[in-house]
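Examination of the molecular architecture
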Number of protein chains: 2
Amino acid sequence: MIVGGDAAGMSAASQARRTKGPQELEITAFERGRFSSYSACGIPYWVAGDVSGRDRLIARSPEEHRARGIDLRMRTEVTELDVAGRRVRWRALETGEEGWTGYDKLVLATGARPVRPPLPGIDAPGVHGVQTLGDGQALLDALSQEPGRRAVVVGAGYIGVEMAEALLRRGYAVTVVNSGEQPMATLDPDMGRLVHEAMTAMGITVVGGTEVTEVLTDGEGRARGVRAGGADHPAELVVLGIGVEPETALARAAGLPLGAHGGLLTDLGMRVRGHEDVWAGGDCVEVLDLVSGRERYVPLGTHANKHGQVIGSNAAGGYGTFPGVVGTAVSKVCDLEIARTGLREKDARAVGLRFVTATVESTGRAGYFPGAAPMTVKMLAEYRTGRLLGVQIVGRDGAAKRVDVAAVALTAGMTVEAMTALDLGYAPPFSPVWDPVLVAARKATAAVRAAGA
Amino acid sequence: MIVGGDAAGMSAASQARRTKGPQELEITAFERGRFSSYSACGIPYWVAGDVSGRDRLIARSPEEHRARGIDLRMRTEVTELDVAGRRVRWRALETGEEGWTGYDKLVLATGARPVRPPLPGIDAPGVHGVQTLGDGQALLDALSQEPGRRAVVVGAGYIGVEMAEALLRRGYAVTVVNSGEQPMATLDPDMGRLVHEAMTAMGITVVGGTEVTEVLTDGEGRARGVRAGGADHPAELVVLGIGVEPETALARAAGLPLGAHGGLLTDLGMRVRGHEDVWAGGDCVEVLDLVSGRERYVPLGTHANKHGQVIGSNAAGGYGTFPGVVGTAVSKVCDLEIARTGLREKDARAVGLRFVTATVESTGRAGYFPGAAPMTVKMLAEYRTGRLLGVQIVGRDGAAKRVDVAAVALTAGMTVEAMTALDLGYAPPFSPVWDPVLVAARKATAAVRAAGA
């Protein structure tokens, strides 16, 4: 039995079905929403106009799941878990019908809910979240009714900057209001500053270090901007890009173990700790950060899919593990690519690691090749050992996915000196003769040496 | 003393100079050509028109080297090495002046020479190599005199396919004649076939499995095409893209150790084996392949630069090593990207490795994202252990540099199963939720399991 019909839940269902046929294993899944297995990460690009329609974001419809022998019950909310009694209470949202259904094995894939600060006016018409396909549709409807005026995006993390691009490309004058000093708090502030500068150059107004205290409304109660740090930012459209938190109310009520970030805690097989027949994955769990050794909350579709695979295998009697993450994330604002993996300076300090940093400027192609554009790479290495701790990249064409090299190096526990010898692909259209990651590794190696013992 | 003023030699000179100042270390370099430190890899893009001029390909001019305290003697050929006597004999090509100069430490960076088969007509006007800046200039001069007719490219390796693109974009009808059945013999034939099909779709005529037996000439002795496999391929321009071999005649005459591919053999510090004060690097050496454990010949600017760094450090009393390569190479033909790392099937067999393969089709971006184009990833993994042995990728936007993930994984000795858990960057513009490399790793993991014990 699966609670939650999106990436983690339905990947688990599909993998379990691949492992065991309908004669051997009955699979029931409950989803309170109207859609299954969709790409929430694609919503900003749908709003921007890159993706032609909502259905393009749906990887597999309820009908397709049912055709594979999965009893997927849409618009059916699970309202209570009875773990001791091995049953869940559900409610059909359309009909109001309610009931209990028993299970042998339970998969919790309840996902995340958007952070929605309790501000005056937050629920006014004209305030939009962008977490669900319904949110995306509502925003697109608003754009078509009132195109090309002013928009305020609250938050400058991945969703915030992606929505800033989408609205800019829709012809809006965009202001991004962010509590952090710089956008992209997932980067160190010196790298976030590069994003800030680039967004400003694109014509986006970035207001940092400012908390939104109120959504402004007009006489009809419609949102007309936000107040932040005592200043008013008028806009016809307010988009909340503040991020999400684990949707674990059911799990909490059932006494399942939650971590410091509010996510479910699992073992390497994605089994909920202390519960033999309960698994959890996707945006409702915390994951082990392999670099810091601590649990983190990293709600990303790519992890949710991996979790689902592992859960589906294990729950159906197979074997799989999810060892953890190194914290890789990539994004873009227009042509500016943003990537990170591993620890930021403050993450390293928080776990007692002393480190050196190296920041280099390079280009994504040979300097003489057309389109060669600046790229900044920042690298953190442990003091003395020289072990790679993290990499952040901000640049143009080819910047983002370069971080994957560092992600693998982190997973392998490489030193920055070992990285200087990496045999990375070189040809003028794809890299300078020294790849920017290698240039950073050389400078970090020198910094480790200079820091001495 | 440095013999050869290109990437490896002048990197060594520069690194030695950074390590020790002019008061401590005298550096003399001999270069028989007219240019120093240039990017030969950029020549096809110069010919194609991507690079505006010859000087853009020169990383550092002789004057710049001299300004850093390096006595770089251009147009001066070293004609003999007296290793026992620690001196070299040289000849100034402009003046005919000759002499012997002594050294304490010697660096051999004599590079490569183009393979030029002894065919009838091979020296006719209209037959062009593309290894040196002079070659590039001669070819560009020929294009400007006789634009937009027919060209034959002999060879379909990296240089061959890059020149095919360049000439196609210059308006030529291009025929590529190749001794191998498929282009890109650095790939397995099944992956080379994808390159063949894509080149054909671009309008390039690819004639495979055929040896050129003669360069056809007209009454004035000018090249007018080639004969291959009994068929004539008429053309106004013949470009040799057959590759290069180590330029080690001097080293051979001096009794220095050469390997099976004709390149100098060094230790990990790039010291010529058995010779305390002689180093060698760049296109004149063989390198250790870390996957097969055998020496290979991999003439690439990126390795030459690394060699130079290591040599410059060591020769100036510092420390550095070049551990070896995993065989990464990337290229493109128009918008088709081609990448490989590690072992091909025949390489694995040649060293006694039993393996499984997995080939998957995916896309470089989320399937719903604009510009998402097919990408084929082939992965080789060792039988039983599941250790990654090699990856080949053919596809469009974002295909080539994805191979870097596999290059790091090879260096780290990862299994394909460990790779399935890699935390690679995901966002719709940059990757499907399962990166193509992860999809290949999953299929390869299944293949290892299916092959059993």
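In this text the structure is predicted, and so the values were computed from the model without any measurement.

Rules and cut-offs
Residues numbered from 1 in each chain as written. Chains lettered and ligands numbered in written order. Predicted model: local features only at pLDDT ≥ 70, side-chain atom pairs only at ≥ 80, totals over all residues. Heavy atoms only, no water. Core = buried A, V, L, I, M, F, W, Y, C linked by side-chain atoms within 4.5 Å. Buried < 20%, exposed > 50% of the residue type's maximum accessible area, 1.4 Å probe, protein only. Helix = DSSP H or I, 4+ residues; strand = E, 2+ residues; numbered from the N terminus. Contact = heavy atoms within 4.5 Å. Buried area = accessible area lost by both parts, 1.4 Å probe. Salt bridge = Lys/Arg side-chain N within 4 Å of Asp/Glu carboxyl O. Nonpolar A, V, L, I, M, F, W, Y, C, P; charged D, E, K, R; others polar. Phe/Tyr/Trp six-rings, centres within 6.5 Å; stacked < 30°, edge-to-face > 60°. Lys NZ or Arg CZ within 6 Å of the ring centre and 35° of its normal. UniProt positions renumbered as here; feature names shortened; annotations may be inferred. Least-squares fit on C-alpha atoms with pLDDT ≥ 70 in both. Pairing = 2+ DSSP bridges. Lys, Arg positive; Asp, Glu negative; His and termini not counted. Polar contact = N/O pair within 3.5 Å; in protein donor to acceptor, adjacent residues only side chain to side chain. Axes fitted to C-alpha atoms, helices over the stretch in contact; angles between N-to-C directions. Left-handed = near helix turned anticlockwise from the far one by under 90°. Expected span 1.5 Å × (residues − 1).

Turning our eyes to something else, we now look at the nonpolar core. Formed by 88 residues in total, the largest nonpolar core has its most connected members in A:Met379, A:Leu388, A:Met419, B:Met379, B:Leu388 and B:Met419. If you look at the next biggest cluster of nonpolar residues, it comprises 49 residues, including A:Val47, A:Tyr158, A:Val239 and A:Ile338.

Moving on, we get to unusual backbone geometry. All names here are of chain A. We note that Ser 37 has phi near 45°; this positive angle belongs to a residue other than glycine. Structurally, Ser 37 is set in the loop between strand S2 (28-31) and helix H2 (43-48). Judged by relative accessible area, Ser 37 falls into the buried class, the value being 10%.

As a further point, take the interface of chain A and chain B. Residue-level contacts link 57 residues of chain A with 57 residues of chain B. Between chain A and chain B the total buried area reaches about 4800 Å² when both faces are included, carbon and sulfur atoms providing 66% of it. On the chain A side of the contact with chain B, A:Tyr368, A:Asp423 and A:Phe430 bury the most area, a combined 17% of that side's loss. Run the count over chain A and chain B and you get 2 salt bridges. A salt bridge links B:Lys401 to A:Asp435, with the nearest nitrogen and oxygen atoms 2.6 Å apart. Breaking the side of chain A that touches chain B down by element, the ones donating at least two residues are helix H8 (301-315), strand S21 (329-333), helix H10 (403-411) and helix H12 (436-451) of chain A. Its residues assigned to classes, the side of chain A that touches chain B comprises 29 nonpolar, 16 polar and 12 charged.

Taken as a whole, this structure holds 6 aromatic pairs over all chains when the rule is applied. For the ring pair A:Phe35 and A:Tyr38, a centre distance of 6.4 Å and an interplane angle of 80° mean the geometry is edge-to-face. When the centroid spacing of 5.1 Å and the interplanar angle of 80° are considered together, the rings of A:Phe369 and B:Tyr45 count as edge-to-face. Residue A:Phe369 is found in the loop between strand S23 (355-363) and strand S24 (374-382), and its partner B:Tyr45 is found in helix H2 (residues 43-48); the two belong to separate chains. Side by side, A:Phe369 and B:Tyr45 carry an identical accessibility label, which is buried. The ring of B:Tyr383 carries B:Arg354 above its face, with NZ or CZ at 4.9 Å from the centroid. The ring of B:Trp434 is capped by B:Arg442, whose NZ or CZ atom sits 4.1 Å from the centre of that ring.

This chain's UniProt record puts "domain: Pyridine nucleotide-disulphide oxidoreductase dimerisation" (unreviewed entry) on residues 331-433 of chain A. Secondary structure content for residues 331-433 of chain A is 18% helix and 35% strand, and the end C-alpha separation is 26 Å.

Next up on the list: the pattern of salt bridges. Residue and element names in this part refer to chain A. Under the counting rule described, the total for this entry stands at 74 salt bridges over all chains. The shortest N-O distance in the salt bridge between Arg 396 and Asp 335 comes to 3.3 Å. Highlighted residues: Arg 396 in the loop between strand S25 (388-395) and H10 and Asp 335 in the loop between S21 and strand S22 (336-342), separated in sequence by 61 residues. We classify Asp 335 as partly exposed; its relative accessible area is 44%. In the salt-bridge network here, residues are joined through shared partners; they are Arg 32, Glu 77, Arg 113, Glu 245 and Glu 247.

Here we come to the relation of the copies chain A and chain B. Once chain A has been moved 0.0 Å along the axis and rotated by 180°, it coincides with chain B to within an RMSD of 0.0 Å. Each copy turns onto its partner about a two-fold axis. Across chain A, the rotation axis passes nearest the C-alpha of A:Val405, at a separation of 2.7 Å. Looking at the interface residues of chain A, 100% of them are also at the interface in chain B, so both copies use one shared face.

On to the pairing of strand S16 (residues 237-240) of chain A, then. Each regular strand carries side chains that alternate between the two faces of the sheet. Residue and element names in this part refer to chain A. Burial along S16 is two-sided: the face carrying Leu 237 and Val 239 and the face carrying Val 238 and Leu 240 are both buried. As paired elements, strand S9 (residues 127-128) and S16 share 2 bridges and run parallel to each other. Bridging from a neighbouring strand, His 128 pairs with Val 239 of S16. Two elements, strand S10 (residues 150-154) and S16, share 4 bridges in a ladder whose sense is parallel. Residue pairing across strands places Ala 151 opposite Leu 237, the latter belonging to S16.

To continue, consider the side chain of A:Glu337. Topologically, A:Glu337 is positioned in strand S22. There is no salt bridge for the buried A:Glu337, and the closest opposite charge comes from A:Arg402, which lies 7.4 Å off by N-O distance. A distance of 3.0 Å separates a polar atom in the side chain of A:Glu337 from the backbone nitrogen of A:Ala399. With residues up to four places along the chain from it excluded, the contact list for A:Glu337 reads A:Ser331, A:Lys332, A:Ile393, A:Val394, A:Gly395, A:Arg396, A:Asp397, A:Gly398, A:Ala399, A:Ala400 and B:Phe430.

What follows covers the packing of helix H1 (residues 7-19) of chain A against H8(A). Residue and element names in this part refer to chain A. The contact between H1 and H8 brings their axes to 7 Å, and the two run at 35°. The two elements H1 and H8 meet at a crossing, and its hand is right-handed. Facing H1, whose interface residues are Ala 7, Ala 8, Ser 11, Ala 12, Gln 15, Ala 16, Arg 18 and Thr 19, H8 presents Ala 304, Asn 305, Gly 308, Gln 309, Ile 311, Gly 312 and Ser 313. Residues of the contact of H1 with H8, tallied by class, amount to 6 nonpolar, 8 polar and 1 charged.

The next point concerns helix H5 (residues 158-169) of chain A. All names here are of chain A. Between the first and last C-alpha of H5 there are 17 Å, a value that for 12 residues agrees with the 16 Å anticipated at 1.5 Å per step. Counting buried residues along H5, 9 of its 12 residues qualify, which places the element largely inside the surrounding structure. Among the residues of H5, Tyr 158, Gly 160, Val 161, Glu 162, Met 163, Ala 164, Glu 165, Ala 166 and Leu 167 are the ones counted as buried. Downstream of H5 by one or two residues, Gly 171 has phi in the positive range, about 95°.

Once that is clear, we can look at the environment of A:Ala7. All names here are of chain A. Take Ala 7: it is sitting in helix H1. Separated by 296 residues in sequence, Ala 7 and His 303 place their C-alpha atoms 9.2 Å apart. The residues contacting Ala 7, other than those within four sequence positions of it, are Ala 304 and Asn 305.

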